[in-house]
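# Descriptive structure summary
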Amino acid sequence: PNCGVINAGGHGLYVRESSRANARLGVFSGAAQDGIFFADCSYGDVHGSTADDAGRYGVHATGSSSVYAAGMSVKNAGTACVRALDASRISCTSAIATGGGDFGLRAQAGSVISAFEANARKGASDSPSDISVSGGSIIHATGAIGGVSIAVNVWGTSGCIIQGN
């Protein structure tokens, strides 16, 4: 707990090629690229960690990776606070994912983000890029704070953002 890599020149935590990492309550803030990055079928538990002020993404999963990131603080990322790409999954229930440069939560290319009760608002008010899907992805955002990129609870070519009981 409370250990990690702060102000990394690249990624704060980088896990790839079917590897696994457990870094609960870690601190990976100030990374030049991604605070936490899982790639190529990797898995990790970073529950309760902090990855604020990343240059690109706070938490990033790609290539069918899976990340448990509930209760995280991933504020002020340069591009997106949370990004799932290429059939990846991120669970960021109750996360604080505010102040993202382009997106709060972004699911792309068949990915899934579970963000119950998360705060994904980029600025002072709701924006369509706070909670955003594309490429047949899904974001479960019941109780989440932030605007949405598509109509909720309606499946479309971009995917679906689910909100409700």
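A short tour of the structure in this document, coming up. These numbers come from a predicted model, not from an experiment. Positions within a chain are numbered from 1, following the residues in the order the chain's sequence is written. Restriction of local features to residues with pLDDT of at least 70 applies here, the model being predicted, together with a cutoff of 80 or more for giving and counting side-chain atom pairs; totals for whole chains, interfaces and linings are based on all residues. Side-chain metrics rest on all non-hydrogen atoms present in the structure, leaving aside hydrogens and water.

Any two strands are treated as partners once DSSP identifies two or more bridges connecting them. By definition, any uninterrupted DSSP run of H or I lasting at least four residues is a helix, any uninterrupted run of E lasting at least two residues is a strand, and each is numbered from the N terminus. Pairing is parallel across the open sheet formed by seven strands, whose spatial order is E2-E4-E6-E8-E10-E12-E13. Of all strands in the sheet, those with a lone pairing partner are strand E2 (20–22) and strand E13 (159–162), marking the two edges. Strand-to-strand twist of the sheet, defined as the mean angle between neighbouring strand axes without regard to direction, takes the value 5°. Here strand E4 (residues 43–45) runs beside strand E6 (residues 66–68); their pairing, made up of three bridges, is parallel. What sits directly across from Tyr43, in E6, is Ser66. Orientation is described by lines fitted to C-alpha atoms, with helices fitted over the stretch in contact, and by angles between N-to-C directions that extend from 0 to 180 degrees.

Each Phe, Tyr or Trp ring (for Trp, its six-membered ring) is paired with any other whose centre lies within 6.5 Å, and the angle between the two planes then decides the class: stacked below 30 degrees, edge-to-face above 60, tilted in between. For the structure shown, the criterion picks out one aromatic pair. With a centroid separation of 5.2 Å and 0° between ring planes, the pair formed by Tyr14 and Phe37 is classed as stacked. Linking Tyr14 in strand E1 (residues 13–15) with Phe37 in strand E3 (residues 36–38), this pair joins segments that are 23 residues apart in sequence. You can call Tyr14 partly exposed: its relative accessible area is 42%. By relative accessible area, Phe37 is classed as buried at 9%. Seen from the ring of Phe37, Arg56 lies directly overhead, with NZ or CZ sitting 6.0 Å from the centre. Either the NZ atom of lysine or the CZ atom of arginine qualifies as a charge over a ring when it sits within 6 Å of the ring centre and within 35 degrees of the ring normal. Just above the ring of Phe103 sits the side chain of Arg106; from NZ or CZ to the centre is 4.5 Å. Partly exposed describes any residue whose relative accessible area lies between the buried limit of under 20% and the exposed limit of over 50%, with all areas from a 1.4 Å probe on protein chains only and scaled to the type maximum.

Here the focus is the pattern of salt bridges. In the sections that follow, a salt bridge refers to a side-chain nitrogen of Lys or Arg positioned within 4 Å of a carboxyl oxygen of Asp or Glu. The full count for this structure, using the stated rule, is four salt bridges. The shortest N-O distance in the salt bridge between Asp126 and Arg121 comes to 2.8 Å.

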